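Listed below are the residues making up each chain.
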Amino acid sequence: GVYFSDNKKFELGSGEILFVGKLLNPYLNLKAYYKKEPYFITILIGGRSDYPILNFTSSPYLTQNDILSILLFNTKASTLTNGQNQNKNPALSLFG
């Protein structure tokens, strides 16, 4: 499937939603992809739905800051404008 957010297209890959125990809090095992030339970013979502665990990888390699910066601002962290830079720290802190 496909998911669109903020004019970004995310391809949804293989995945599972397992309903064990509480029906409103299933286990997640999902994979999504985002492409921003020349980068191909993989987003893995695991854990329970009330406390998901996110992992990001890219090809070619990017740091976690750069991956999140591309997902949020369409550019690497080192090339953010002043306005984007001011918003970067609160946005990236959402992901630990």
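Residues numbered from 1 in each chain as written. Predicted model: local features only at pLDDT ≥ 70, side-chain atom pairs only at ≥ 80, totals over all residues. Heavy atoms only, no water.

**Brief notes about the sheet that holds strand 4 (residues 39-48)**
Reasoning step 1: Overall, antiparallel pairing links the 5 strands, which are arranged 1-2-3-4-5 in an open sheet. Both outer strands of the open sheet, strand 1 (2-5) and strand 5 (51-59), are each paired with one neighbouring strand and no more. Going across the sheet, the axis of each strand differs from the next one's by a mean of 25°, ignoring polarity.
Reasoning step 2: Inspection of the sheet shows strand 2 (residues 8-18) paired to strand 3 (residues 27-36) by 7 bridges, in the antiparallel sense. Considered in strand 3, the bridge of Phe 10 is made with Tyr 34.
Reasoning step 3: Sheet strands in contact with helix 1 (residues 64-73) are strand 2, strand 3, strand 4 and strand 5, and its direction is about 100° off that of strand 5. (Pairing = 2+ DSSP bridges. Helix = DSSP H or I, 4+ residues; strand = E, 2+ residues; numbered from the N terminus. Axes fitted to C-alpha atoms, helices over the stretch in contact; angles between N-to-C directions. Contact = heavy atoms within 4.5 Å.)

**Brief notes about the side chain of Asn 25**
Reasoning step 1: Position of Asn 25 relative to the elements: it lies in the loop between strand 2 and strand 3.
Reasoning step 2: Those residues in contact with Asn 25 that lie beyond four places of it in its chain are Arg 48, Ser 49 and Asp 50.

Scope: geometric values only; no functional claims are made or implied.
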